[in-house]
Amino acid sequence: MGKITLKQVRKSFGDVAVIPGIDLDIDEGEFVVFVGPSGCGKSTLLRLIAGLEDTTGGVIEIDGKDATQLPPAKRGLAMVFQSYALYPHMSVRKNIAFPLKMAGLPVAEQEKRVANAARILNLTSYLDRRPGQLSGGQRQRVAIGRAIVREPAAFLFDEPLSNLDAALRVSMRQEITELHQTLKTTMIYVTHDQVEAMTMADKIVVLNAGRIEQVGSPLELYHHPANLFVAGFIGSPKMNLIDGAEAAKHGAVTIGIRPEHITVQDGGPWQGVVGLSEHLGSDTFLRVQVDGVGMLTVRAGGEITLRHGDAVALAPQLDKLHRFGTDGKALA
Amino acid sequence: MATQSSRIAARIMVAPSVILLFVWMIVPLAMTVWFSFRLYRLLSPDRTGWVGMRNYTWFLNSPDFWLAISNTLLLVGGVLAITIIFGVLIALLLDQPVWGQGPLRILVISPFFVMPPVAASIWENLFMHPQNGMFASLALGLGYQPVLFMEDYPMASVIFIVAWEWLPFATLILLTALQSLSSEQIEAAEIDGAGPFNRFRYIVLPHLTRAITVVVLIQTIFLLGIFGEIFTTTQGGPGSASTTLPYMIYKQAVIAKDIGRAAAGGIIAVILANIVAYFLMRGIGKHLDA
Ligand SMILES: Nc1ncnc2c1ncn2[C@@H]1O[C@H](COP(=O)(O)OP(=O)(O)O)[C@@H](O)[C@H]1O
Ligand SMILES: [Mg+2]
C-alpha cells in the first residue's frame, strides 16, 4: 500500500498554469521530499495529491487505482499542515481520535490506537490538554498523531517544521525520520529547506516554477546535478558558478565547483583576495574575489587564519568540476 | 499595569467615568424604588403617602401579570431561537464565494437600519394586513381565507417581526466568526473523513459557540425591553394576549397614570432581568472565556 503515480498532472488557477504538467512515480514505503523555492507549486502539488484541489488535467493513481476524482477522505492519505490545523476546542485525545470517530471505529479500538500513537509520540501525559496549552513541538506531534492513527497509505507533510525554532526543527526532523523507519509507510514531505531534503529523503524531487527539475537520491543530486538550477539549489553553501573565459577553458558555458572542492594552496591557478571569512570552528568559509573568475566561496579548515584583505591562491579539484551548456543542462 | 503606582494611577484615571456611570444608574433606580412604595397617581395628585408593598401585590395579583411574564420570556426565547438558527444558516450561505457578494451582504444587513416602529408598521400594514396585506392577497389568490395575524396569532406575529429586525445582527456577528475559522481546519477535517454535516457539527459549531453566546447575551438585554413593535401593531391585544412586562408597565404609567404601580412593575422587571442574566451567565457564560 502507498504507491502513488502522477501522469501529466496539471493545475491552473484561472489563466495561471501553476503546474504545467508533472509525471512522477512514488514507490511504496519511500520517503519523498518535494523541494523548491517558495511559490514554485510544492503545496499545490501536495494538495492535488491529497484531493484538496481539483486537477485541471492528468491522472493521479494511488495503489494502481485512478484517484483523480476521489474526495480527500476516500484516498486513504493523511496530511500534516504547516499550521498544524488542530481542532482547538477538542482535547489532544479527541483530536487524535477524530479520524477514527469519523470512520465509525468501536470506542475500544479508538482508545487502543490513540494510546499507541501517544506512546510513540511521547504525548501520553498531555492527552487531556487542549492544543492551546501545548508548545509548538507538542502541537506538531499531535498533528502527526492524528495522521498515524488512521494507518494511511501515505503521509503528506506540508512544511511541518517551519513554525518551530532551529533546535526543535533538528530534533523533529530526526523524529519524523525515525517514525518513517518504524512505520515504513510512504511519506511525501514538502519543504523549501534543502537541508531538510538532503537529511530526510530517500528521493528528492526538485521543483521550480511548477516543473520537475530533477529526481534522485540526495547524493545523486549532490554529485550529479542535471542543470544549473539544481546545482545552485542543492548544497550549502551554494555551489560556485563561473561563466565567461574561465568556463570556456573547460569547454562549457558555465562551470560549477562546490566550496568544499576548492583548496587553499600556494601556487594554485586562481589568485585572489579574501573578502570575508566566517569561522564556524569546524570549518571556515572564505569569500574570495578572484581576478577573471569572480567571487568564490571556499571551505577551508577550522584552523585557518586568513583575514579580510589577505592574498590567497586557490586550486579547484578538477575531477569535481561540473560543466553546463547553453541551455543550463549538465554536459556529460 | 504591573506596578503598585501604575495600578493606583489607573484607578484614579477611570474613577470619573465609573462615578458618572454609577450616578447615572443609581439615581433613576433609587427614584423608581422610592415611587414603587408610594401612592402616586397623576389623576389625583393631592392624594399621596406610603402604601407599603401594595403596589407590588397589585402587580403580582393582577390577572395579566403571569401572562405578561410568560409572553416576555416567549418573545425573548422565540426571537433568540429564530435569529440564531437562521443567522447560522444565512451566515453559512454568505460565507460561500458567490457573485455579487458585497451588495448581497449589505442587503442582508439592511433590516437592522430600519427603525423598529417603522419595521413593525411595514409588516403589519403591507404584509400582514387582512385586507391590504400581501399575505392576504396571496391567500385570496390561492382561494383561502386571509389569516388574521394580529387577531389570531398576535404573539407569533410580534415574535416574527422582532426576529426579522434582529436577524441581521445575529447574521453579522456569526458571519464574522465564521470568517475567522481557518480553512486548514476544515480541510483537515475533510481529510479525516468528516462529511459536510460532521464538519459543521464538530468544527464549525464549536467555533461559533462564543459568537452565539455574544448574540444571546446582547439580544436578551434588548429583547427583554421590546416595546415599540407591540405598541405599533397589537397594542398588547387582543385583550392582553400579546402584553409583555414592559407593555404592562406602559399601560400603568401612561394609560392608568399610576406612577406608583408602574414603578413597582419596573422593579419587578429589573429583578426578572437579573434572574435571566444569572441563568444565562451560569449556563453559557463559560464560553466567553478564551
Ligand atoms: N488558491 C489559489 N489561487 C490562486 N493562486 C494560487 C492559489 N494557491 C496557490 N496559488 C499560486 O500558485 C503558486 C504556487 O503556490 P504554492 O503551491 O503555495 O507554492 P509553494 O508551496 O511552493 O510555496 C503561487 O504563485 C501562488 O500564488
Ligand atoms: Mg507552500
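Computed from a predicted structure; not experimentally measured.

S.K.: Provide a residue-level description of the overall build of chain B, including the pertinent values.
M.R.: Broken down by element type, chain B carries 13 helices and two strands. For chain B, the C-alpha radius of gyration of 24 Å lies well beyond 19 Å, the compact-globule estimate for 290 residues. C-alpha atoms of chain B, sized along the principal axes, occupy 75 × 75 × 30 Å. For chain B, buried positions account for 39% of its 290 residues. A separation threshold of at least 6 residues defines the contact pool for chain B, and within that pool the share at least 24 residues apart is 68%. Per element, the accessible surface of chain B, about 16200 Å² overall, is 72% carbon and sulfur. When the 15 positive and 14 negative side-chain charges of chain B are each reduced to one mean point, those points stand 16 Å apart.

S.K.: Tell me about the interface of chain B and chain A, and please be specific about residues and values.
M.R.: At the interface, 14 residues of chain B touch 22 residues of chain A. Summing both partners gives a buried area of about 1600 Å² for chain B against chain A, and 62% of it is carried by carbon and sulfur. It is B:I191, B:D192 and B:Y202 in chain B that bury the most area against chain A; as a group they hold 41% of the surface buried on that side. Viewed at the interface, chain A and chain B are joined by three salt bridges. We note a salt bridge from B:D192 to A:R146, for which the minimum N-O separation is 3.6 Å. At the boundary of chain B with chain A, the tally comes to seven residue pairs in polar contact (both at pLDDT 80 or more). Of all the elements in the fold, those that place two or more residues in the side of chain B that touches chain A are α9 (183-191) and α10 (196-223) of chain B. Residue composition of the side of chain B that touches chain A, by class: seven nonpolar, three polar and four charged.

S.K.: An account of the packing of aromatic side chains is needed here, citing residue identities and associated values.
M.R.: Taken as a whole and assessed by the stated rule, the structure comprises 28 aromatic pairs over all chains. When the centroid spacing of 5.6 Å and the interplanar angle of 75° are considered together, the rings of B:W123 and B:W164 count as edge-to-face. You can see B:W123 sitting in helix α5 (residues 116-127) and its partner B:W164 sitting in helix α8 (residues 154-179), a full 41 residues away along the chain. Looking at B:W164, the relative accessible area reads 31%, which means it is partly exposed. Following the ring pairs from residue to residue traces out a cluster consisting of B:W123, B:F127, B:F135, B:F149, B:F160 and B:W164. Positioned over the ring face of A:Y87 is A:R146, at 4.5 Å from the centre of the ring. The ring of B:W50 has B:R38 lying over it, and the distance from NZ or CZ to the ring centre is 4.8 Å.

S.K.: How would you explain the side chain of A:N227 if you had to name every residue and give the values?
M.R.: Counting through the fold element by element, A:N227 comes out in the loop between α7 (218-223) and α8 (228-233). Those residues in contact with A:N227 that sit more than four places away from it in its chain are A:E213, A:F324, A:G328, A:K329 and A:A330.

S.K.: Describe the site of ligand 1, and please don't skip the residues or the numbers.
M.R.: Residues and elements named next belong to chain A. Every residue near ligand 1 is listed here: F13, V18, S38, G39, C40, G41, K42, S43 and T44. Here G41 contributes a backbone N or O atom positioned 3.1 Å from an oxygen atom of ligand 1. Within the side chain of S43, one N or O atom sits 2.6 Å away from an oxygen atom of ligand 1. Across the complex, the protein chains shield 54% of the 560 Å² of accessible surface that ligand 1 would expose by itself. Of the residues forming the shell around ligand 1, the biggest block, three residues, is contributed by helix α1 (residues 42-50). Tallied by class, residues from the shell around ligand 1 come to three nonpolar, five polar and one charged.

S.K.: Tell me about the packing of helix α2 (residues 92-102) of chain A against α10(B), and please be specific about residues and values.
M.R.: Two elements in contact, α2(A) and α10(B), have axes whose closest approach is 13 Å; the angle formed by their N-to-C orientations is 160°. As the angle between them shows, α2(A) and α10(B) are arranged roughly antiparallel. Read as a crossing pair, α2(A) and α10(B) show a hand that is right-handed. Residue-level inspection shows A:F98, A:K101 and A:M102 of α2(A) in contact with α10(B), the latter providing B:N198, B:Y202 and B:I203. For the contact of α2(A) with α10(B), the residue count by class is four nonpolar, one polar and one charged.

What counts and what doesn't
- Residues numbered from 1 in each chain as written.
- Chains lettered and ligands numbered in written order.
- Predicted model: local features only at pLDDT ≥ 70, side-chain atom pairs only at ≥ 80, totals over all residues.
- Heavy atoms only, no water.
- Helix = DSSP H or I, 4+ residues; strand = E, 2+ residues; numbered from the N terminus.
- Rg over C-alpha atoms; globule rule 2.2 N^0.38 Å.
- Buried < 20%, exposed > 50% of the residue type's maximum accessible area, 1.4 Å probe, protein only.
- Contact = heavy atoms within 4.5 Å.
- Areas by Shrake-Rupley, 256 points an atom, 1.4 Å probe, with all protein chains shown as cover.
- Lys, Arg positive; Asp, Glu negative; His and termini not counted.
- Charge placed at Lys NZ, Arg CZ, Asp CG, Glu CD.
- Buried area = accessible area lost by both parts, 1.4 Å probe.
- Salt bridge = Lys/Arg side-chain N within 4 Å of Asp/Glu carboxyl O.
- Polar contact = N/O pair within 3.5 Å; in protein donor to acceptor, adjacent residues only side chain to side chain.
- Nonpolar A, V, L, I, M, F, W, Y, C, P; charged D, E, K, R; others polar.
- Phe/Tyr/Trp six-rings, centres within 6.5 Å; stacked < 30°, edge-to-face > 60°.
- Lys NZ or Arg CZ within 6 Å of the ring centre and 35° of its normal.
- Near = heavy atom within 4 Å.
- Axes fitted to C-alpha atoms, helices over the stretch in contact; angles between N-to-C directions.
- Parallel < 35°, antiparallel > 145°, perpendicular 65-115°, else oblique.
- Left-handed = near helix turned anticlockwise from the far one by under 90°.

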